[in-house]
Amino acid sequence: MLSITSKSPYALRALTELARCGDAGPVPIGELARRRDIPVQFLEQLFAVLRRAGVLRSQRGVKGGYALARPAHEITVLELVELLDGPVGRGAEGVFADAAAAASEVLARTTVADVVEREAREAGAAMYYI
């Protein structure tokens, strides 16, 4: 069926923050968790999966942390969802299979870079001056 747990949205929030940091070097996981209000232990579990899958790279030590292993425009939301929550629409039939296919299409064409851009647009739209 169509099941997306809290894992995928949390991971997307964290990867969006990493993408916003650009090439500033690895970002400590505690800093990412604080910036995006994500429990650090939960984020550690998600990042372990994403690191093994080649989405993230990690660096140990004082200047350690995480960084994107690939450019943000190459990492799709569908990839994150399927790594963390399994295939979208697995076992779905009929109208539910159609809904899963539509969701997969949207997630496949949306990248982490797109989400960064969307957040920036929404933040700009929410600002007003007197």
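This text follows the structure it describes.
Residues numbered from 1 in each chain as written. Predicted model: local features only at pLDDT ≥ 70, side-chain atom pairs only at ≥ 80, totals over all residues. Heavy atoms only, no water.

Asker: Help me understand the overall build of the protein, please; the structure alone is not making it clear to me.
Answerer: Counting its regular elements, the protein contains six helices and two strands. The order of α-helices and β-strands along the protein, N terminus first, is α-α-α-β-β-α-α-α. Projected onto its principal axes, the C-alpha positions of the protein cover 50 × 45 × 25 Å. Within the protein, the fraction of its 130 residues that count as buried is 35%. Sequence-distant contacts, at least 24 apart, represent 67% of the contacts inside the protein between residues at least 6 apart. Roughly 8000 Å² of accessible area belongs to the protein as shown, and the carbon and sulfur atoms make up 54% of that amount. (Helix = DSSP H or I, 4+ residues; strand = E, 2+ residues; numbered from the N terminus. Buried < 20%, exposed > 50% of the residue type's maximum accessible area, 1.4 Å probe, protein only. Contact = heavy atoms within 4.5 Å. Areas by Shrake-Rupley, 256 points an atom, 1.4 Å probe, with all protein chains shown as cover.)

Asker: What should I look at first to understand the pattern of salt bridges in this one?
Answerer: Where charged atoms from two side chains of opposite charge come close, those side chains can pair. Counting across every chain of the model gives 10 salt bridges. Ionic pairing is found between R20 and E17, a salt bridge with its closest N-O pair at 2.9 Å. Within this pair, R20 and its partner E17 are both found in helix α1 (residues 7–21), separated by three residues, close to a single helical turn. What you see here is one network of salt bridges that share partners, running through E17, R20, E31, R34, R35, R36 and E119. (Salt bridge = Lys/Arg side-chain N within 4 Å of Asp/Glu carboxyl O.)

Asker: Can you help me understand the pairing of strand β2 (residues 65–68) in this one?
Answerer: On a regular strand, each side chain points to the face opposite its neighbour's, so the side chains alternate between the two faces of the sheet. The side-chain alternation of β2 yields two buried faces, one formed by G65 and A67 and the other by Y66 and L68. Note: strand β1 (residues 56–59) against β2, four bridges, orientation antiparallel. Along β2, the bridge assignment pairs S58 with Y66. Hairpin geometry of β1 and β2 is characterised by an intervening segment of five residues between the two adjacent antiparallel strands and by a positive phi of about 105° at G61. (Pairing = 2+ DSSP bridges.)

Asker: Teacher, can you tell me more about α1 here?
Answerer: Within an α-helix, residues lying three or four positions from one another point in the same direction, as the helix has 3.6 residues per turn. For α1, built from 15 residues, the straight-helix expectation of 21 Å at 1.5 Å per residue is met to within 8% by its first-to-last C-alpha distance of 21 Å. The set of residues buried in α1 consists of S8, A11, L12, A14, L15, T16, E17, L18 and A19. G22 sits one or two residues past α1 and shows a positive phi near 65°. (Expected span 1.5 Å × (residues − 1).)

Asker: Sorry, what's going on with the side chain of R36 here?
Answerer: If you trace the backbone, R36 turns up in helix α2 (residues 29–36). Of note is the side chain of R36, whose polar atom sits 2.8 Å from the side chain of E17. If near-sequence neighbours (up to four positions away) are discounted, R36 is found in contact with R13, T16, E17, R20 and E119. (Polar contact = N/O pair within 3.5 Å; in protein donor to acceptor, adjacent residues only side chain to side chain.)

Asker: Could you clarify how one ought to interpret the packing of aromatic side chains in this entry?
Answerer: Note on aromatic pairs: each is described by the distance of the centres and the angle between the planes. Per the stated rule, a full pass over the model turns up two aromatic pairs. Pairing Y10 with F42 gives two aromatic rings, centres 5.4 Å apart and planes at 80°, and the pair type is edge-to-face. With Y10 in helix α1 and F42 in helix α3 (residues 40–52), the pair connects residues that are 32 residues apart, well separated along the chain. On the basis of an interplanar angle of 65° and a centroid distance of 4.9 Å, the ring pair of F47 and Y66 is categorised as edge-to-face. In this pair, F47 is assigned in helix α3 and Y66 in strand β2, connecting sequence segments 19 residues apart. Judged on exposure class, the residue F47 and its partner Y66 are both buried. (Phe/Tyr/Trp six-rings, centres within 6.5 Å; stacked < 30°, edge-to-face > 60°.)

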